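Listed here are the chains, written in short residue letters.
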Amino acid sequence: ASDALYLPGVAGNYTSVPDAANLDGFVDFTLEMKGVTFADWTSGERGLMSKWETASNDRAWRFQMSATGTLSLLVSFDGAAATTYTSTASTGVTDGATADLMARKKLNEVRFYVNGVMLGDAVACVTTALDAGAATAKVGVNYNTTGSPMDGSVERARVWNAAVDNQATPTETPVLDMDFTRATHGSTSFACTSGQ
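The shown structure was predicted, so the numbers you read here are calculated from the model rather than taken from an experiment.

Caption draft 1: Structural context of the pairing of strand β14 (residues 156-160). For β14, a buried count of four out of five residues is recorded, marking the element as mostly surrounded by other parts of the structure. Here strand β3 (residues 29-38) pairs with β14 via five bridges, running antiparallel. For Met33, the partnering residue across the bridge sits in β14 and is Ala157. In the sheet, β14 pairs with strand β15 (residues 176-179) via four bridges, with the strands oriented antiparallel. Looking at the pairing, Ala157 lines up with Met178 of β15.

What follows is the structure in structure tokens.
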């Protein structure tokens with residue numbers, strides 16, 4: 001097995017970093033999960049990464065996969081109401097295979113990418129800034145600490161507070177870079193490449 005974060009699809013199994021100003025209030029932004037592997041790519045809804053607490057109305061952003069294999073980006077502009085943007089095609093990734101997944105919001109459109117290639121068509125969106133809530137940023141869960149936990153592995157998770165223009169090899173500096181291949185096996189915490 002490769003170096004990665006392995007998640008069993010059990011509530012409470014995820015990784016997180018505390019809230020910070022550079023993870024909040026996005027207008028244009030990019031969310032990426034590199035080296036994602038699922039035994040079954042269409043077995044149910046999975047949380048990929050999120051900054052989304054429901055009880056306290058601290059909803060901001062959420063990147064997830066559906067049971068049909070499409071990718072969705074959920075956002076909130078006020079912390080309470082949610083707006084969903086969904087890819088117009090499914091990933092088509094073979095069960096057991098590994099892929100890089102990305103959601104990019106730039107100006108008035110959302111684009112999804114698999115292995116650096118655009119997935120389906122661009123989806124129209126608005127240019128409103130996202131809510132600047134106090135939720136922690138998590139990898140492997142959809143919302144709170146229990147929503148649609150991920151049952152697979154991921155090698156790296158990155159967040160940019162800008163739209164990445166070269167999806168295969170981004171040149172922008174991420175505000176969050178969790179490189180799980182750098183973590184010591186069995187450790188309960190490690191330093192992100194981006195400093196958290």
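So much for the structure itself; the text now carries on.
Caption draft 2: Summary view of the packing of aromatic side chains. Summed over all chains, the structure comprises four aromatic pairs. Seen in terms of ring centroids, Phe38 and Trp41 are 4.9 Å apart; in terms of plane orientation they differ by 85°. Their pairing is edge-to-face. Looking at Trp41, the relative accessible area reads 1%, which means it is buried. Taking the centre distance of 5.8 Å and the plane angle of 65° together, the rings of Phe180 and Phe190 count as edge-to-face.

Caption draft 3: Structural detail: empty space enclosed by the protein. A full pass over the atoms with the stated rule returns one cavity of 30 Å³ or more. By volume, the largest cavity amounts to about 30 Å³. For the largest cavity, the full set of lining residues is Phe29, Val75, Phe77, Tyr85, Lys105, Cys125, Val126, Thr128 and Leu130. Across the lining of the largest cavity, the residue classes tally to seven nonpolar, one polar and one charged.

Caption draft 4: The arrangement of the sheet that holds strand β12 (residues 137-139) in detail. Spatially, β2-β12-β4-β5-β6-β7 is the arrangement adopted by the six strands of the open sheet, whose pairing is antiparallel. The open sheet terminates on both sides in strands that have one partner only, identified here as β2 (15-17) and β7 (83-86). Strand-to-strand twist in this sheet, taken as the mean axis angle between neighbours without regard to direction, amounts to 10°. Looking at chain direction, β2 and β12 are connected through three bridges and run antiparallel. For Ser16, the partnering residue across the bridge sits in β12 and is Lys138.

Caption draft 5: Focus on the pattern of salt bridges. According to the stated counting rule, one finds eleven salt bridges in the structure shown. Through salt bridges that share partners, Asp19, Asp24 and Lys51 make up one connected network.

Caption draft 6: Structural context of the nonpolar core. Ranked by internal contacts, the top residues of the largest apolar core, which has 43 residues, are Met33, Phe63 and Leu101. No other element matches β3, which puts five residues into this core.

Caption draft 7: Up close: the environment of Gly47. Position of Gly47 among the secondary structure elements: in strand β4 (residues 46-53). Each C-alpha atom of the pair Gly47 and Tyr143 lies 7.6 Å from the other, and the pair is 96 residues apart in sequence. Other than its neighbours up to four places away in sequence, Gly47 contacts Phe63, Gln64, Gly140, Val141, Asn142, Ser148 and Met150.

Caption draft 8: Looking closely at the side chain of Lys51. Along the chain, the position of Lys51 falls in strand β4. Among the polar contacts made by the side chain of Lys51, one reaches the side chain of Asp24 at a distance of 2.5 Å. In this structure Lys51 touches Asp19, Leu23, Asp24, Asp58, Arg59, Ala60, Trp61, Gly133, Ala134, Ala135, Thr136 and Ala137, once residues within four positions along its chain are discounted.

Calculation rules
Residues numbered from 1 in each chain as written. Predicted model: local features only at pLDDT ≥ 70, side-chain atom pairs only at ≥ 80, totals over all residues. Heavy atoms only, no water. Buried < 20%, exposed > 50% of the residue type's maximum accessible area, 1.4 Å probe, protein only. Helix = DSSP H or I, 4+ residues; strand = E, 2+ residues; numbered from the N terminus. Pairing = 2+ DSSP bridges. Phe/Tyr/Trp six-rings, centres within 6.5 Å; stacked < 30°, edge-to-face > 60°. 1 Å grid on protein atoms, 1.4 Å probe; cavity = no way out; pocket = protein on both sides within 12 Å on 5 of 7 lines; lining within 4 Å. Points joined across faces, edges and corners; volume = space filled by probe spheres on them. Nonpolar A, V, L, I, M, F, W, Y, C, P; charged D, E, K, R; others polar. Axes fitted to C-alpha atoms, helices over the stretch in contact; angles between N-to-C directions. Salt bridge = Lys/Arg side-chain N within 4 Å of Asp/Glu carboxyl O. Core = buried A, V, L, I, M, F, W, Y, C linked by side-chain atoms within 4.5 Å. Contact = heavy atoms within 4.5 Å. Polar contact = N/O pair within 3.5 Å; in protein donor to acceptor, adjacent residues only side chain to side chain.

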